[in-house]
Amino acid sequence: MNAKRRTVIAGNWKMNFTPAEATAFINEIKPLVAGKDACDIIFCAPYVTIAAAQAAAEGSHIKIGAENVHFAEKGAYTGEVSAKMLTACGVEYVIIGHSERRQYFGETDETVNLRTKAALAAGMTVILCLGEVKEQRLAGITKEVVSMQTKLDLAGVTAEEMKRVIIAYEPVWAIGTGLTATPEQADETCGQIRDALCELYGKEVAESTTIQYGGSMNEKNAAELLSKPNVDGGLIGGASLVAAKFNAIVDAAQ
Ligand code: PGA
């Protein structure tokens, strides 16, 4: 973490929690994180669960986001949701480019870029996910991969819009696997993403952009990961479904 940048601890609920379960979870975590405002706290929820989570979070500093957004304003895109629909529901944050979307639902850097631009144009804040797969890390090309993703995914995004972009560095091999990048690996790769931002936008934007680490972050490893200067928060899957675990990560960020 670094005093120059906002620390953001975000949960990615993925395909978990009915509205009633989300309400119960938020009611449980709300008192635990009350007053812990050294970091922003966001839970990204399935579309059908957002309203219940928002209602439960009212009066707290917990924000509720979405897990994806389509790039078109409206039209024949069965199963998709537009940025206008999300903002109409009071949703300010959205995850884009998660590796599960890339892996299982055919999303590419091109569609991730289109979704990012659409969300930003609608005034939303984007949590842009990127990261290398295992073979790329083993081949020693992680830096090239994350630099290229950063450039492709942010093509056409202005320096002004970068104030509403959070990057989540998520090594694909660490997601949901129980394998975590070492704090050194996380710091190094977040730094490489920051270098790519510097090339694109200059030092000021690069130094002020929040870059989270994601991939099996939990109550045990969070403090060490967050102690690294280039790691400005976490995007948390599994451990965001258990209030005590998520609260411990928030504590590590205080
Ligand atoms: P995990 O998921 O914490 O369960 O590894 C992280 C993510 O996919 O964002």
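It should be noted that the structure appears before, not after, this text.
Residues numbered from 1 in each chain as written. Predicted model: local features only at pLDDT ≥ 70, side-chain atom pairs only at ≥ 80, totals over all residues. Heavy atoms only, no water.

A. Local environment of the overall build of the protein. Check the secondary structure of the protein and you find 11 helices and 8 strands. Relative to the globule expectation of 18 Å for 254 residues, the C-alpha radius of gyration of the protein, 17 Å, shows essentially globular dimensions. Across the 254 residues that make up the protein, the buried fraction comes to 53%. Here the contacts in the protein between residues at least 6 apart in sequence split such that 73% fall between residues at least 24 apart. Carbon and sulfur atoms form 55% of the exposed surface of the protein, whose accessible area is close to 11000 Å². Averaged over its 24 positive side-chain charges, the protein has a centre that lies 2 Å from the centre of its 31 negative ones. (Helix = DSSP H or I, 4+ residues; strand = E, 2+ residues; numbered from the N terminus. Rg over C-alpha atoms; globule rule 2.2 N^0.38 Å. Buried < 20%, exposed > 50% of the residue type's maximum accessible area, 1.4 Å probe, protein only. Contact = heavy atoms within 4.5 Å. Areas by Shrake-Rupley, 256 points an atom, 1.4 Å probe, with all protein chains shown as cover. Lys, Arg positive; Asp, Glu negative; His and termini not counted. Charge placed at Lys NZ, Arg CZ, Asp CG, Glu CD.)

B. Layout of the site of the ligand. Residues in close proximity to the ligand total 13 residues, the closest being Lys-14, His-98, Glu-170, Gly-176 and Ser-216. Contact distances for the ligand include 2.6 Å between an oxygen atom and a side-chain N or O atom of His-98. A distance of 2.7 Å separates an oxygen atom of the ligand from a polar atom in the backbone of Gly-176. For the shell around the ligand, a count of residues per class yields 4 nonpolar, 7 polar and 2 charged. (Near = heavy atom within 4 Å. Polar contact = N/O pair within 3.5 Å; in protein donor to acceptor, adjacent residues only side chain to side chain. Nonpolar A, V, L, I, M, F, W, Y, C, P; charged D, E, K, R; others polar.)

C. Expanded view of helix α7 (residues 142–153). Compared with an ideal rise of 1.5 Å per residue, which puts 12 residues at 16 Å, α7 spans 16 Å between its outermost C-alpha atoms and is within 8% of the ideal. Within the sequence span of α7, burial applies to Thr-142, Val-145, Val-146, Ser-147, Gln-149, Thr-150 and Asp-153. Of the surrounding secondary structure, the elements contacted by the buried residues of α7 are α4 (99–104), α5 (109–121), β5 (125–130), α6 (134–138), β6 (165–169) and α8 (183–201). (Expected span 1.5 Å × (residues − 1).)

D. Structural view of unusual backbone geometry. A positive phi angle, close to 55°, is found at Lys-14, a residue other than glycine. Along the polypeptide, Lys-14 turns up in the loop between β1 (7–12) and α1 (19–33). At Ser-216, a residue that is not glycine, the phi angle is positive and equals roughly 55°. With respect to the helices, strands and loops of the structure, Ser-216 is situated in the loop between β7 (211–214) and α10 (222–226).

E. Main features of the packing of α1 against helix α2 (residues 50–57). Between α1 and α2, whose axes approach to 8 Å, the crossing angle comes to 25°. By the angle between their directions, the pair α1 and α2 is classed as roughly parallel. Of the two possible hands of crossing, α1 and α2 adopt the one that is right-handed. Across from Pro-19, Ala-22, Thr-23, Ile-26, Asn-27 and Lys-30 in α1, the residues of α2 making contact are Ala-52, Ala-53, Ala-56 and Ala-57. Taken together, the residues of the contact of α1 with α2 break down into 7 nonpolar, 2 polar and 1 charged. (Axes fitted to C-alpha atoms, helices over the stretch in contact; angles between N-to-C directions. Parallel < 35°, antiparallel > 145°, perpendicular 65-115°, else oblique. Left-handed = near helix turned anticlockwise from the far one by under 90°.)

F. The arrangement of the pairing of β6 in detail. Among the 5 residues in β6, 5 count as buried, and that is most of the element. Alternating residues of β6 divide into Val-165, Ile-167 and Tyr-169 and Ile-166 and Ala-168, and every residue in both groups is buried. Strand direction decides the pairing type here: β5 and β6, joined by 5 bridges, are parallel. Residue pairing in the sheet places Cys-129 in a bridge with Ala-168 of β6. With 3 bridges connecting them, β6 and β7 associate as parallel partners. For Tyr-169, the partnering residue across the bridge sits in β7 and is Tyr-213. (Pairing = 2+ DSSP bridges.)

G. Local environment of the state of the cysteines. Under the defined criterion, the tally for this structure stands at 0 disulfides. Free of any disulfide, Cys-89 has its nearest cysteine sulfur in Cys-44, 15 Å distant. You can see Cys-129 has no disulfide; the closest cysteine sulfur is in Cys-44, sitting 8.7 Å from it. (Disulfide = S-S within 2.5 Å.)

H. Expanded view of the environment of Glu-135. Along the chain, Glu-135 falls in helix α6. The sequence separation of Glu-135 and Trp-173 amounts to 38 residues, and the corresponding C-alpha distance is 9.0 Å.

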